[in-house]
Amino acid sequence: MDTFHGISSIYNITPVFNAGAVYSDTTEGFVSPSEPNPFGQVHIKLRVARDNIDNATIVSNLGRISMSYESTTEAFDFYSADVQLEDTEFSYYFEIVTGKLKAVYDIRGISKETQPRCNFRLIPGFRTPAWAKGAVVYQIYADRFRNGDPSNDVETHEYSYINRHSFKVEEWNTAPSAYDVSNFYGGDLQGVLDKLDYLVNLGVEVIYFNPLFVSPSNHKYDIQDYDHIDPHFTIIKDDGGELLDMNDNDNRHATRYIKRVVDIGNLEASNEWFAHFVEELHKRGIRIILDGVFNHCGSFNKWMDREMIYSGHEGYAPGAYEEEGSPYHSFFSWLSGQHWPNNGGYDGWWGHDTLPKLNYEDSRELMDYIMRIARKWVSPPYNCDGWRIDVAADIGHSPEFNHTFFREFRRNVKEANPEAVIIAEHYGNPRDWLNGREWDSIMNYDAFMDPVSYYLTGMEKHSDDFRGDLYGNSDTFWGAMIYNSSDCPYVAMACALNELDNHDHSRFLTRTNHKVGRVGNLGANAASEDVDMAILRLGVVLQMTWMGCPGIYYGDEAGVCGFTDPDSRRTYPWGNADQSLVNFYKEMISIHKSCEELKTGSFRRMKAPKNVIAFGRFNNRNATFVVVNNTDEPVKLEDQVWYLGVPKSGTMKTLMCTTKNGYSADGEEIILNTGRLEVKVEPYGSVIMRYAPRFEPVPEIMYGSGDEDDTDD
């Protein structure tokens, strides 16, 4: 060992320990490989200030592993160790000794005491697709994005759902009604194709679609047929039949609906159209994630057929509602004392008889069927790029079976398409599922959406509550982020879906007005009153620079408002979008995509004034420094950005500066003073700065005013 390392033991002095310089994580910069194989070997590094410690040890579930001095740079020493893994999780922290000082380093940073929850973790064999790490995801609720083909629209009186007839909304910009489930605006996949130029120009890399399979509701979380894409979204090859009479709710008479969604010719044509649709997305560099609803189906489902719309039609067996001897009887749980025909005594999810709970434990046939579906849509000719799983933790009747289901689901999906991603909808601790054998990642509510919403707006994500104690409180923000992210290993966090809002919650822009309530008691107009674009810009800055996948809910970039479901499911305002906001999103997406450290780099919290957030993202070449000021006062920030690997002399370039009134991306350069950066951030503003040895040009952004943007024909 170099005589300058371990200086206190040689000269009997204790150097001032620089806790801020200490860093390690489980990204490729500090663990190689970062996605190790079972029984493989990994090289683990720890960074400390130069000539600052005596020794370092990895303390793990495999024992204590001494680290050796490896190398020195201008500012840092690196210690390392090679570790032989087993086929189970490797959990560890660092023990650092300098003189009489002994410190612990884990995901919290430097601490005096250990906390096992906050250990670094490596899971041998756990890999997530490289394309999914940091990908820009755009969520589309298909009925509300754009109507590209009026001939496939759901018609008024086409069928009855929950004793209300389907209703075609004629005026595109009409706000959703309080009872919206059977109202249709006509959005379809042709509408998405028509706007591919817009999506590509925006910078979208992945589209996550709410369910697309045949279903009677506009949200389609009540699947009627897992084998086919709804022709109302694609093409109706052979139309015909009658609409229901005004007062008739018997869907056996809804012959037009039956013709559209039961006729096998229409269903096969729909699937064929969809295969070409995915091919077109892929040609434009956009991947597609489908929404999988496997906890429950719908009462219209061909297995249940409560509406009797499949009964007697060629190619369909009797539904379990109609006959006890149905081949699908075991797909559902039945209450005792019930009798056929027309038995409504089945288990519904949360008691909803429109959502029959699927009974996997008692039906190997059902399990096999769903596993075939899992493979089908990520395989040729469809070649979708992954699944988002609805209410993932609820599948099955016990936690034990839930894990059995997902181990089998993952095996099937990955065998069919090793590059497909599996994202789970989950609230709460996901640790039990993020083990390399079940989910790839999660919709990141606990370690992104919730803390960001409370910090920037004080609002609960449904707009059901305002928390003044959390509003602008950076301490609780960091506490929530650190605590909840500890349950998500890097391999999963890198592709976690970081959304500000989605179809289940109020629009983030609406939350900026601090109005507590829903459309039923406040009215639709209140959702757009007193909103604050500056706060939305702060949310987007966090979203585009945080670890994970920035997830944009369609229309957020256009200024769409709305209280929680169903009001958040408003239509995209083609021709009336806030073009300045659209351009801001383009700028921020471009920054995210052009700075590799924002996709897969390390993450470090930085020093900041009270209630201001500062952090850095960095790799072995570049570093990005981010400050978000959610206060009504300007702040001057001086931070040691050399902790991000930035040279102590040099410059950093301003990529984005937002203020109360707007934003700028003028590229101002600031000279560093011995590794310190001084920057001023305006009230309710932010700054993004970057160091790169040679600044790569940010891709040119087109600001057209034609159909490639927000206009409509």
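Because the structure is a prediction, the values reported are computed rather than measured.

Rules used throughout
Residues numbered from 1 in each chain as written. Predicted model: local features only at pLDDT ≥ 70, side-chain atom pairs only at ≥ 80, totals over all residues. Heavy atoms only, no water. Pairing = 2+ DSSP bridges. Helix = DSSP H or I, 4+ residues; strand = E, 2+ residues; numbered from the N terminus. Contact = heavy atoms within 4.5 Å. Axes fitted to C-alpha atoms, helices over the stretch in contact; angles between N-to-C directions. Phe/Tyr/Trp six-rings, centres within 6.5 Å; stacked < 30°, edge-to-face > 60°. Buried < 20%, exposed > 50% of the residue type's maximum accessible area, 1.4 Å probe, protein only. pLDDT = per-residue confidence, 0-100. Core = buried A, V, L, I, M, F, W, Y, C linked by side-chain atoms within 4.5 Å.

This brings us to the sheet that holds strand β20 (residues 386–389). The eight strands are arranged β22-β21-β20-β19-β16-β11-β24-β23 in an open sheet whose pairing can be described as parallel. With partners counted over all chains shown, the strands left at the sheet margins are β22 (441–442) and β23 (497–499), one partner each. Relative to strand β24 (residues 549–553), strand β11 (residues 137–140) runs parallel, the two sharing three bridges. Each residue of the ladder has a partner; that of Tyr138, found in β24, is Ile552. Against the sheet, helix α5 (residues 264–283) makes contact with β16 (206–209) and β19 (287–292), and its axis sits at roughly 135° relative to β19, the strand it touches most.

This part is about the packing of aromatic side chains. All chains considered together, the criterion is met by 64 aromatic pairs. With a centroid separation of 6.3 Å and 45° between ring planes, the pair formed by Phe94 and Tyr105 is classed as tilted. With a gap of 11 residues between them, Phe94 in strand β7 (residues 90–98) and Tyr105 in strand β8 (residues 101–106) connect regions that are remote in the sequence. For Phe94, a relative accessible area of 0% translates into the label buried.

Considering every residue of the protein, the mean pLDDT works out to 94; 95% of them sit at 70 or more. Below a pLDDT of 50 lies the segment residues 700–708, which in the model reaches 19 contacts outside its immediate sequence neighbourhood of four places, other chains included.

Residue position: Met547 is located in the loop between α13 (533–545) and β24. Accessibility expressed as a relative area gives 12% for Met547, which makes it buried. Distance from Met547 to Gly187, taken between C-alpha atoms, is 32 Å for residues 360 residues apart in sequence. Excluding its chain neighbours within four sequence positions, the residues that come into contact with Met547 are Tyr490, Met493, Ala494, Asn498, Gly601, Phe603 and Arg617.

Attention now goes to the pairing of β8. Here β7 pairs with β8 via five bridges, running antiparallel. Paired with Glu95 across the two strands is Val104, which belongs to β8. Between β7 and β8, which follow one another and run antiparallel, lie two residues, and Gly99 among them has a positive phi close to 60°. Judged from the three bridges that link them, β8 and strand β9 (residues 109–111) form a sheet pairing that is antiparallel. Across the sheet, residue Val104 finds its bridge partner in β9, namely Ser111. Remark: two residues form the turn of the hairpin made by β8 and β9, two consecutive strands paired antiparallel.

Our focus in this paragraph is unusual backbone geometry. Note the cis peptide between Ser32 and Pro33, where omega equals -5°. Inspection of the secondary structure puts Pro33 in the loop between β1 (31–32) and β2 (41–49). Omega for the bond connecting Trp340 with Pro341 falls within 30 degrees of zero, at 5°, which places this linkage in the cis form. Position of Pro341 among the secondary structure elements: in the loop between β19 and α6 (364–376). In this structure, Asn163 takes a positive phi of about 65° despite not being glycine. Relative accessible area serves as the criterion here: at 63%, Asn163 is assigned to the exposed category. A positive phi angle is found at Trp350, which is not glycine, with a value near 55°. With respect to the helices and strands, the residue Trp350 is situated in the loop between β19 and α6.

With that settled, consider the nonpolar core. If you look at soluble globular proteins, the nonpolar side chains tend to sit buried side by side. Core analysis: the largest hydrophobic core is formed by 151 residues, its most contacted members being Tyr138, Leu199, Phe274, Phe294, Trp387, Phe405 and Phe409. Element by element, the count of residues in this core is highest for α13, at eight residues.

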